[in-house]
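Each chain, written out:
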Amino acid sequence: MAELLTTDEAATYLRLSERKLYELVAHGAVPATKVTGRWLFPRAALDRWVMAGLIASPALAHDAAPPIVGGSHDPLLEWALRESGCGLASLPEGSEAGLRRLTRGEVTIAAIHLHGLEGDDEQANLVAVADAPGLHDAIVIAFARREQGIVVAPGNPCGLSDVASIAAPGVRVAQRPAGAGAQLLLLALLARAGIAPDRLTLVKPVCPTGADIAQAVRAGRADCGIAPRAAARAAGLDFLVLTWERFDLVLRQRDYFRPGPQMLFEFARTIELRERAAELGGYDVGAVGAVRLVN
């Protein structure tokens, strides 16, 4: 093979799509040179990049990220972080915010549960990570499948039944921040039902977590909101299931073997976590720890 590879040759050599290779070039993450309008890739430099983790862009440097789990909040994950002794703190801001922080090296792990207006929700997390600029070295680890639905007061006084019913006049809906997985789910379900979001009577301020949604309903500030079953059960509220979703953990491959994540993943496979999941309700942890994607 020639010492200077063309784009298609380099993509084949690295086992990447040409689209992914161009993305890496755009971020200065792969050694390349442009000659007479064409990108060329020195094979020896590619070898060094693969074997030594050579990354030219400071934004993608190998500096250790803070020991923080960003992204979405989850009661079972929050408990596991505490009980495992992994030393990882929690910064719940929503799934999309977590991915952005992971890309910038501001967190070690991003917890996500994403939904699209169209497409397969089972694959939504994987598609988002695979397409995210700057996460070409990410790995997606399964944490749980969980129930998401409508949290309502005991007895369901508004007589809600599905996502269409929460758009009825006078029904006050607590909402999550833009980019949070529950908010993305709400928007997706509304779109699939042909309901415009502006038909909802939204309560302000927005609720940072599912537990805050439950508190808004319990306090009477809202009639309903989207949150996991565990949040509703903990608050003594009723719950109308809408869907099961994937709740995954995303981190860079090099961080997977750090002590904190390893302690968390080891604890996640214990009977204690399975028992806690059953106690909280609305979880399936049968595949916890499984690798869903190596980018």
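This text follows the structure it describes.
Structure report, in brief. (Residues numbered from 1 in each chain as written. Predicted model: local features only at pLDDT ≥ 70, side-chain atom pairs only at ≥ 80, totals over all residues. Heavy atoms only, no water.)

1. With respect to the side chain of Asp-255
Put simply, the rule reads: Each helix corresponds to a stretch of at least 4 residues labelled H or I by DSSP, and each strand to a stretch of at least 2 residues labelled E; elements are numbered beginning at the N terminus. Throughout this description, buried means an accessible area under 20% of the type-specific maximum (1.4 Å probe, protein chains only), exposed means over 50%, and partly exposed covers the range between. Here a residue-residue contact requires only that any non-hydrogen atoms of the pair lie within 4.5 Å.
Following the sequence through the fold, Asp-255 ends up in helix H10 (residues 253-256). Given a relative accessible area of 7%, Asp-255 falls into the buried group. Here Asp-255 is in contact with Thr-108 and Pro-261, once residues within four sequence places are set aside.

2. Examining helix H1 (residues 7-14)
Short version of the rule: The arc under discussion is defined with respect to the helix axis, by the directions toward the C-beta atoms.
Considered for burial, the residues of H1 that qualify are Thr-7, Ala-10, Ala-11 and Leu-14. The arc enclosing the buried residues of H1, seen along the axis, measures out at 100°, which places them on a common side.

3. Structural notes on the environment of Pro-154
Looking at the secondary structure, you find Pro-154 in the loop between strand S7 (138-152) and strand S8 (172-174). Dropping the residues within four chain positions of it, Pro-154 is found in contact with Gly-236, Leu-237 and Asp-238.

4. What to know about the nonpolar core
Where a protein is soluble and globular, its nonpolar side chains tend to be buried together. Test applied: The term nonpolar core refers to a set of buried residues drawn from Ala, Val, Leu, Ile, Met, Phe, Trp, Tyr and Cys, joined through side-chain atoms within 4.5 Å.
Core analysis: the largest hydrophobic core is formed by 29 residues, its most contacted members being Leu-76, Leu-77, Phe-143, Leu-249, Leu-264 and Leu-273. Here this core gets 5 residues from one element, more than from any other, and that element is helix H4 (residues 75-83). In this structure, Val-171, Ala-182, Leu-189 and Ile-195 belong to the second largest nonpolar core, which totals 18 residues.

5. Here we look at the packing of aromatic side chains
Under the convention used in this document: In summary, the pairing rule links any two rings of Phe, Tyr or Trp, Trp by its six-membered ring, whose centres are within 6.5 Å, and it sorts them by plane angle into stacked for under 30 degrees, edge-to-face for over 60 and tilted for everything else.
With the rule as written, the count across this model stands at 4 aromatic pairs. Taking 6.1 Å as the distance between ring centres and 65° as the angle between the ring planes, the aromatic pair formed by Phe-143 and Phe-247 counts as edge-to-face. One end of the pair, Phe-143, is in strand S7; the other, Phe-247, is in strand S11 (residues 238-252), and 104 residues separate them in sequence. Phe-143 gets classed as buried once you look at its relative accessible area, which sits at 2%. When the ring of Tyr-256 is compared with that of Phe-257, the centres are 5.0 Å apart and the planes differ by 90°; the resulting orientation is edge-to-face. An aromatic cluster of at least three residues, connected via ring pairs, comprises Tyr-256, Phe-257 and Phe-265.

6. Brief notes about the pattern of salt bridges
Note the cut-off: We define a salt bridge as a contact between a side-chain nitrogen of Lys or Arg and a carboxyl oxygen of Asp or Glu at a distance within 4 Å.
The final tally for this structure, using the stated rule, is 19 salt bridges. A salt bridge links Arg-229 to Glu-147; the nearest nitrogen and oxygen atoms lie 2.4 Å apart. One end of the pair, Arg-229, is in helix H9 (residues 229-234); the other, Glu-147, is in strand S7, and 82 residues separate them in sequence. Each of Glu-93, Arg-101, Arg-104 and Glu-106 takes part in salt bridges that share partners, so that together they form one network.

7. Describing helix H6 (residues 124-131)
Ala-124, Asn-125, Leu-126 and Val-129 are the residues of H6 that are buried. For H6, the elements touching its buried residues are helix H5 (95-103), strand S6 (109-112), S7, S11 and strand S13 (291-294).

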